Amino acid sequence: MRDITDKQKETLEFISDYIEQNGTPPSVRDISEHENVSLRAIQDRLTALQKKGYVSLKPKSARSIRILSDFREKEQELFVSKVPVLGTVAAGKPLLSEENLDGYVNLPEPFVRPGKSYFALRVRGQSMINAGILDGDLAVVEQANTAVDGQIIVAVIDDAITLKRYYKEATRVRLQPENPDFQAIYCQDVRIVGILSNIVRTY
């Protein structure tokens, strides 16, 4: 069903609350008086809601409004994306090639957003522990090929994936771990494949 406007939503909320409190639908006049707008404006609004499939109306019948769709449930529906989970990256293969995939995970907002592309990978080791990223976590990564200093990125180095904090220095790139027991990785160039978006952890 198509989206509704704020005014249409306000009308639907009043109708729903009225039915819940009184056991019968409101009249067009009831709605008009509650919202302090003309009868014609309310009638037009109800006609629009009927076209969008939210209410039914009986012509020339008082208190005939029926809610057909639970718009409040619709508001709670979140965007869900099927995100590929990467395993070991196969040498010479594109990042999301079949050889690299280790299944899929369905993630809702706010872990993913409409219009963006993501992949996920299992964190291995303790190199990012001081950033709150633990061994076994699922890192949700927004696909990107550029980054700014301080962002936690996923990079491919020698056909291996690494998750580190990115810094561009004068003549090289520093990939900084978040654990003093690990050394930074220095390289002249790095292939960035994504920026950390979220961490999913199960207990």
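Worth saying up front: this structure is predicted, and the values here are computed from it rather than measured. (Residues numbered from 1 in each chain as written. Predicted model: local features only at pLDDT ≥ 70, side-chain atom pairs only at ≥ 80, totals over all residues. Heavy atoms only, no water.)

1. Remarks on the packing of aromatic side chains
Turning to step 1, where the next piece is worked out: Per the counting criterion, the structure on display carries 1 aromatic pair.
Turning to step 2, where the next piece is worked out: Relative to Tyr-18, the ring of Phe-14 has its centre 5.7 Å away and its plane inclined at 55 degrees; by these criteria the two rings are tilted. Here the residue Phe-14 and the residue Tyr-18 both occupy positions in helix 1 (residues 6–22), the gap between them amounting to 4 residues, near one helical turn.
Turning to step 3, where the next piece is worked out: For Phe-14, a relative accessible area of 14% puts it in the buried group.
Turning to step 4, where the next piece is worked out: Classification of Tyr-18 as buried rests on a relative accessible area of 18%.
Turning to step 5, where the next piece is worked out: Seen from the ring of Tyr-104, Lys-82 lies directly overhead, with NZ or CZ sitting 4.6 Å from the centre.
Turning to step 6, where the next piece is worked out: Across from the ring centre of Tyr-167, 4.4 Å away, lies the NZ or CZ of Arg-174, which sits over that ring. (Phe/Tyr/Trp six-rings, centres within 6.5 Å; stacked < 30°, edge-to-face > 60°. Helix = DSSP H or I, 4+ residues; strand = E, 2+ residues; numbered from the N terminus. Buried < 20%, exposed > 50% of the residue type's maximum accessible area, 1.4 Å probe, protein only. Lys NZ or Arg CZ within 6 Å of the ring centre and 35° of its normal.)

2. Quick notes on the sheet that holds strand 8 (residues 160–168)
Turning to step 1, where the next piece is worked out: Strands sit in the order 4-3-5-6-11-7-8-9-10 across an open sheet of 9 strands; the sheet is mixed. Among the strands making up the open sheet, the edge pair consists of strand 4 (101–108) and strand 10 (185–187). Strand-to-strand twist in this sheet, taken as the mean axis angle between neighbours without regard to direction, amounts to 40 degrees.
Turning to step 2, where the next piece is worked out: For strand 3 (residues 80–86) and strand 4, the ladder comprises 6 bridges, and the chain directions are antiparallel. Bridging from a neighbouring strand, Ser-81 pairs with Leu-107 of strand 4. (Pairing = 2+ DSSP bridges. Axes fitted to C-alpha atoms, helices over the stretch in contact; angles between N-to-C directions.)

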